[in-house]
Amino acid sequence: MALLTPVVAAVLGYVLWRLARWTTKPQSALSRVAGPPRESWLKGNVQNLFRDALEYNLRLSREYGTAVRMYSLYGQEALYISDPLALQHVFGKDQQAYDVNDAFITSNLLMFGEGLIGTLGDQHKKQRKMLNPVFSVSNMRDLLPVIQPIADQMAAIFTQQIPGDGAVTEIDVMPWLSRGAQEYISQACFGYTFNALDLNKRNEYSEAARRYTPAALKLSHLRPFLPFIVRTFPLALRKKMVEWYPREAMKDFVYILTTMHETSKRIFERKKRALGGEGGQAQGEKEEGDLGPLMQGKDIMSILLKANASSDEADRLTDDELIGQMSTLLFAGFETTTYAISRILWLLASRQDAQARLRSEIRAAKQAYLAEGRSPAEAWEDVSLSYDDLMALPYLDALLRETLRVYPPSSVHFRVAKEDTTLPLQYPVRAVDGSSVSVVPLEKGTQLLISIIASNHNKDVWGEDASEWKPERWMTASAESEDKDNAAVKSSVRYPGAYSSILTFLGGPRGCIGFKFSEMEAKQVLATLLPRLHFALPSATNADGRKKEIYWKMSGPQIPVVQPPFGDGMSPQVPLDVRRVETEDFA
Ligand code: HEM
C-alpha cells in the first residue's frame, strides 16, 4: 500500500489542481455557444463522442450546427467543430495558433519516442521537411511493384480456403486484412518482412503491434494525467510508478512497447550498416532470428536514411528521431488502413452492383495490358497494374474517396488553442440566448474536437444525400477535367483536407503523411482480390433463421463487430461469404 502513495498523491494533486482552477475561473467566451448539457462535472459529455457514437455525432450537428460547446474532464469547456471556414483557419491561415494537445504528445513521446506524433514545433517541422518527400508519388511508383506479392499472397490465402469452383466459404477477412496491412508497413516502410501472413512463423514485433490497441484502451483513463505526471516527477520515480501500478494491463503494455522499440532499434541498426556498407546484411539475404529478409532498398526507411545522410547538419534527424518514426509509422498506418479496406469489402459484399462494376473496370485495364504486351502474365487476373494505371481507374478512385468520406476510419481528433484567438464560421450557429454566433472567441488552452465525421457528412457542402454512399458523386465532369479532388463538393465551400476536400486524413502541418501510401495499398489489394474472388454478406442462419450481422461501432475508430448471439459485439470481425469469381460476376 505504501508503494502506491506517490501514484495516489499524484492523481489526487491533479484533481485538486483542476478543481481549484475550475472554481476560480470566470465564465469563458465559449459559454455563449450552444451545446448539449454536461452530464457530470468529472467526465463532462465528451466521452459520448467515442462510445458507439455515430448517431450521437451526427445528431450534434443536426441540433447545434457546425460549432458546438461540449464539456470534457473536470468541467473544462471544449469546442466540437466541423465548420469549413473555421477548419481552414485551424489547418491553414492561423495554423500557428493551434496544436495537438499535451496528453497526445506526452503519451506518444513515451510510447513511440521522438517520431512525428511525439514532437512539436520546430522539431516536428524539421521532421516533416525530411519525411514529406519520402512519401512522394515517385517513391510510391517505385514501391508498388515491390509490394505486389503481399496482395498476391492475401488472394492465395483466401483462395486456398475455398474447397473448389462454385463452393462458398465463410471467411473472417479481418485478421487477414490486418496481417496484410502489417506486412505492407513492414516491407514498404521498414524493408523487412515480418511474415505476418505466414501463421507458421512467429514474429514478436507483429504480435506486439496487433496487441497494442486493446492494451492501450485498457489504460486510456491514465492519458489525461500524463503531462502532469511527466512535468512533476523525475524519470526514476516515473519508472517506479509504472512498476508499482497495480494492474496486469500495465505490465502487458510495457512489454508490447519494449518489444516494438527494441525491434525498431535492431532493424534500424542493421539497415544503417547495410546502407553504409559496414558489413551489414546483404540485400535480399535471409537474416537470422525473427527479422526476415531485407528488401531492395526502396523502402521508406532506406530512402529516409539516405536523405538524412546527405542533408545539412541543421536539418539532420538524430538516430532517436529516426527510430521514433518506425513505431510511429506502424502504429499510424496499419489499423487505419485495415479498417478502410475491410469497410470497402463489406460495402462491396452489400452492394453487388458496385462489386461487379469495379471488377469489370479492373478486368478491362488488365486485359488491355495483355493485348498491348505490357505484362508477362498469362491470365488477365494475374496482371499487375503500374502505379499510374492503378490510380487512373475512375470507379476505383471514386469508390475509395466515397468510402473514406462517408466512413472515415477515425472520427474525432483533438487540437488546442495555443493563444487567445477567434474562429470565424462559414455557417453561423445558435447562441444559448437564441442570438447568432458567427465568430467564436477562443481562450488560450481551449480544447477543439475536430469532427471528421460531421465534416464529411455536412449537407451544406456535400448535398442533401451527404450521408449516403454514392461513389458516382466523384465521377462528374469536373473529375474528368483537372478538379478531381473537389468533384463531389456541391458548393463553393471546401474543407482543407490532405486528401481531396474530405477531412479523413485531416489537413495542415500535421495532416496524415501516409495518405498516398494508404490509397496505393487499398487500390492494389482490391485490384488483386476482386479478379479472383467474389464477396457476399454471410448467408448462414442459426436455428432461429437469423443471419450474422456486421455492425460498425464508432468508438473513435470505426470497428466492425458481430452482434450476439453470433459474436461478442466487441472484437473486430468481418465474416463474408467468399467464392471464386464466375462469369456472371461482371457488370
Ligand atoms: C486510411 C488510412 C489512414 C487514415 C484514415 C489516417 C488518418 C490520419 C489522421 C486523421 C492523422 C492526423 C492525426 C492527428 O494529428 O490528430 C494522421 C496522421 C499520421 N498518419 Fe495517417 N492515416 C492513415 C494511414 C496512414 C498510413 C498508411 C501511414 C504510414 C505509412 C500513416 C502515417 C501517419 C503519420 C506518421 C501521421 C502523423 C503526422 C504528423 O503528425 O505529422 N497514416 N493519419
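Up top you'll find the structure we're talking about.
The shown structure was predicted, so the numbers you read here are calculated from the model rather than taken from an experiment.

> What am I meant to see in the site of the ligand here?
Looking at the ligand, there are 26 residues lining it, with H124, R128, H413, R415 and C512 nearest. The separation between an oxygen atom of the ligand and a polar side-chain atom of H124 is 2.7 Å. Separating an oxygen atom of the ligand from a side-chain N or O atom of R128 is a distance of 2.8 Å. Of all the secondary-structure elements, those providing two or more residues to the shell around the ligand are α5 (121-131), α13 (319-350), β5 (412-417) and α20 (515-529). A per-class count over the shell around the ligand returns 13 nonpolar, 10 polar and three charged.

> Is there a simple way to explain the sheet that holds strand β8 (residues 447-451) in this structure?
Strand pairing in a sheet takes place through backbone hydrogen bonds and is either antiparallel or parallel in direction. Across the sheet, five strands lie side by side as β1-β2-β8-β5-β3; this open sheet has mixed pairing. Edge positions in the sheet fall to β1 (67-71) and β3 (98-99), since each of these pairs with one other strand and no more. With four bridges connecting them, strand β2 (residues 77-81) and β8 associate as parallel partners. Bridge pairing in β8 links A78 to Q447. Packing of helix α2 (residues 54-64) onto the sheet brings it into contact with β1, β2, β5 and β8, and relative to β1 it is tilted by some 125 degrees.

> Is there a simple way to think about the packing of aromatic side chains in this case?
Each aromatic ring pair is summarised here by two numbers: the centre-to-centre distance and the angle between the ring planes. Considering all chains together, one arrives at 15 aromatic pairs under this definition. Measuring from ring centre to ring centre gives 6.0 Å for W380 and F586, while their planes differ by 70 degrees; the resulting arrangement is edge-to-face. Taken together, the positions of W380 in the loop between α14 (352-371) and α15 (387-391) and F586 in the segment after β12 (575-580) put the pair 206 residues apart, joining distant regions of the chain. Take W380 and F586: they sit in the same class, and that class is buried. Ring plane angle 50 degrees and centroid distance 5.9 Å describe the contact between Y499 and F515, whose orientation is recorded as tilted. You can see Y499 sitting in the loop between α19 (477-480) and α20 and its partner F515 sitting in helix α20, a full 16 residues away along the chain. No difference in accessibility class separates Y499 from F515, as the two residues are buried. A connected cluster of aromatic rings, assembled from ring pairs, spans F112, Y212, F253 and F331. The residue whose ring lies beneath R343 is W552, and the NZ or CZ to ring-centre distance is 3.8 Å. One Lys or Arg, R401, reaches over the ring of Y499 and ends 5.1 Å from the middle of that ring.

Thresholds, definitions, all that
- Residues numbered from 1 in each chain as written.
- Predicted model: local features only at pLDDT ≥ 70, side-chain atom pairs only at ≥ 80, totals over all residues.
- Heavy atoms only, no water.
- Near = heavy atom within 4 Å.
- Polar contact = N/O pair within 3.5 Å; in protein donor to acceptor, adjacent residues only side chain to side chain.
- Helix = DSSP H or I, 4+ residues; strand = E, 2+ residues; numbered from the N terminus.
- Nonpolar A, V, L, I, M, F, W, Y, C, P; charged D, E, K, R; others polar.
- Pairing = 2+ DSSP bridges.
- Contact = heavy atoms within 4.5 Å.
- Axes fitted to C-alpha atoms, helices over the stretch in contact; angles between N-to-C directions.
- Phe/Tyr/Trp six-rings, centres within 6.5 Å; stacked < 30°, edge-to-face > 60°.
- Buried < 20%, exposed > 50% of the residue type's maximum accessible area, 1.4 Å probe, protein only.
- Lys NZ or Arg CZ within 6 Å of the ring centre and 35° of its normal.

All we've got here are geometric facts, nothing functional implied.
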